[in-house]
Amino acid sequence: MNLHNIFTVYLKELKDTLRDRRSLMSMIIIPTFVMPALTFGVGKIAAGVVSKAREETPAVMIVGGDDSPGVAAALRQDKKLKVVPTAADWKQQISDKKVRAAVLIPAGFEAGLKAGAADPVVIYNYDGELKSGFAVSELEKFFRDLRDQTVTARLAERALPATLVKPFDLRRENVAAPEKVGGNLLGGIVPYLIIILCFTGAMYPAMDLTAGEKERGTMETLLCSPVARVDLVLGKFLMVLTGSLSAMLLSLTSMGLSAMAAGMMFGGGGGAKLAAAAMQAKAAGTAMPMIDPVGLLGVVGMVLPVAVLFSAVIFTVALFAKSYKEAQSYVAPMVFLIIMPAVVGMLPGIDLNARLALVPILNLSLVCKEMLSGIWHWNYIVLIFGSSCVYAAVALTLAVKMFNREDVIFRA
Amino acid sequence: MIEAHHLTKTFKDKKRGVITAVDDVSFTCRPGQIYGLLGANGAGKTTTLRLLATLLKPSGGHATVAGYDVEREPEKVRAQVGFLAASTALYGRLTAREMITYFGRLNGMTDAAITARIRHLATELDMAEFLDRRCDKFSTGMKQKTSIARTLVHDPAVMIFDEPTLGLDVMTARAIVSFVRECRNRGKTVIYSTHIMSEVAKLCDTVGIIHGGRLVAEGTLPELRTRFGEQDMEEVFVKAVGGEAALAAALKN
Ligand SMILES: Nc1ncnc2c1ncn2[C@@H]1O[C@H](COP(=O)(O)OP(=O)(O)O)[C@@H](O)[C@H]1O
Ligand SMILES: [Mg+2]
């Protein structure tokens, strides 16, 4: 191994790659401009959908309650609900999303209340549907208030203090710093993006430097030089790694900067605007002020060996191909192979354990999620970093071995 | 100096099974001489030359190039060799100057030495006009000149040419032929493979006729003419490989 030669090869490949449009797109243009635009775009749409749902007054139906006109009238007066005439197929209408919820007021409800106790009120909703959820919380609030008013009135009748049924108040206050809250929300999507970008950033240079060179006939020219094969591989590999890391770092930087810019733009407005901006940033998963910079640094550190692993694996696979096209047909399906564990890592409820810590990509996705929410399980971190380094070393050794095989380089 | 002793190379091919591309080939090329390797398509020329340039490892036999063994010291061999083939292309996104500089560096030359060498080669090959343009925009003639400069940048003692005129126009092909002669005049050891009879007649001091991976005849041109009783090089070649039927059978593969 000769560092000077490796560096010579690397510098040439860097110059060559920076003149290649395809590699330039995947390494620099897409991560810098398209990825943030995409994530912010999706975030904006998501925020738009949520606020539109909030603006809409949900339509509800009252089922029964003919002998409880007071309650029904109060419901009709609630500005946050739109009571529509009851139809016989009200259940179907909820399923069809024509109405968001229905409330069943049992027979003799008001009379029962006066006498002491009444039968239960039932709210019918469509589980998991955003607008139905809003309707339900309004209905619940209405009946909670009604119950509280009844209790207060009864206590007053008997000249008893309100503290009899409510001896103390219960309040909730958030102590987590904003970035920790962000970590939980964004912990999944940031590592996911990083993993994908690490891969796609390495993809095009790797194919260009291997199969592409074979196809164009420059591989044989290069092999004529007295430089040892291992130096050629390492020089080329460093270029592929550069592609991988530059894609990741550029996208992180550019997303961070645009998040900050967005924060400044919306920050000046009123409360509603501020909330909208925060919501948008959350959905985008990139807001710099909400992500713990130390956690992010940890993530970048953990990604390094994985970037080496990706670069070496793509390099090896692409080296086997005779043409750029053939290489693409091998490498493109690998994207799915890495997306799967990355997506699994995004799911809530899957937590790190010693066995999962050895599964490549998934372990990274999980540990990054923890780091971004401010949890540092050092034993797992060491285990994951160590195992990633081992996988990376194996892959790199394999790449060097393949480069030395004449049936791979001169495949007929 | 190139010395090949019982060089053999086999490939494992999925469809065709084991192919003996080079079969027990021995020959010697001396400094200041051109050794011509004459053979039809698929005869084993490229494989032989790749063995000498250490791009492939022999399956049997051995060879020394400029005093170094091709298997034990391949890097030293390559440092002494300039290899030019139809299949050794240029980096299209580099300029001619960058291309030559890169190979100078890979050969361990200092930047000062490279600059001086490029100035020298550019004058000699008349490259000044396109030296700083990108190779992918070159005509075949410009490409060939750049490739020659690339093989010569480290001033190797041994030159290996694998059908260097393949697919070139007459003018460029003639320029190459005169360049090969120039190499001989400077005392380099030259091996030159071709399937074109006239090139052999024009260039080579010694000719080896290769067929089916075997060296079937070897000698100076007058020696071969006498041995096969033919004046025309093409007739000599056909007789050496065992008649037209044998040639046709080999080409079918
Ligand atoms: N890498 C390889 N794998 C399998 N077979 C090969 C390989 N390279 C060459 N061959 C075979 O070896 C024989 C000699 O080929 P080659 O040396 O290229 O001949 P020439 O250069 O004289 O045309 C041919 O049959 C060719 O198909
Ligand atoms: Mg050939």
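Refer to the structure above for everything that follows.
Residues numbered from 1 in each chain as written. Chains lettered and ligands numbered in written order. Predicted model: local features only at pLDDT ≥ 70, side-chain atom pairs only at ≥ 80, totals over all residues. Heavy atoms only, no water.

(A) Local environment of the packing of aromatic side chains. All names here are of chain A. Tallying each qualifying case throughout the model produces eleven aromatic pairs over all chains. Plain terms: the ring middles of W90 and Y124 are 4.7 Å apart, the flat faces sit at 65° to each other, and that makes the pair edge-to-face. Separated by 34 residues along the polypeptide, W90 in helix α4 (residues 90–95) and Y124 in strand β4 (residues 122–125) bring together distant segments of the chain. Look at F199 and F310: their rings are 5.5 Å apart centre to centre, the planes differ by 80°, and that puts the pair in the edge-to-face class. (Phe/Tyr/Trp six-rings, centres within 6.5 Å; stacked < 30°, edge-to-face > 60°. Helix = DSSP H or I, 4+ residues; strand = E, 2+ residues; numbered from the N terminus.)

(B) Layout of the side chain of B:H154. Residues and elements named next belong to chain B. With respect to the helices and strands, H154 occurs in the loop between α5 (140–152) and β7 (158–162). Taking relative accessible area as the criterion, H154 reaches 17% and is therefore assigned buried. There is a polar contact of 3.0 Å between the side chain of H154 and the backbone oxygen of V81. (Buried < 20%, exposed > 50% of the residue type's maximum accessible area, 1.4 Å probe, protein only. Polar contact = N/O pair within 3.5 Å; in protein donor to acceptor, adjacent residues only side chain to side chain.)

(C) Just the site of ligand 1, in detail. Neighbouring ligand 1 are 15 residues, the closest being A:F410, B:R16, B:G42, B:T46 and B:T47. Residues near ligand 1 are shared among chains A and B, making this a multi-chain site. The separation between an oxygen atom of ligand 1 and a polar main-chain atom of B:G42 is 2.7 Å. Measuring from an oxygen atom of ligand 1, one finds a backbone N or O atom of B:G44 at 2.9 Å. Protein burial of ligand 1: of its 560 Å² of free accessible surface, 80% is covered by the chains. If you list the elements that add at least two residues to the shell around ligand 1, you get β1 (2–13), β2 (17–29) and α1 (45–52) of chain B. Considering every element that reaches the shell around ligand 1, the biggest residue donor is α1(B), with three residues. Among the residues making up the shell around ligand 1, the classes are represented as seven nonpolar, five polar and three charged. (Near = heavy atom within 4 Å. Areas by Shrake-Rupley, 256 points an atom, 1.4 Å probe, with all protein chains shown as cover. Nonpolar A, V, L, I, M, F, W, Y, C, P; charged D, E, K, R; others polar.)

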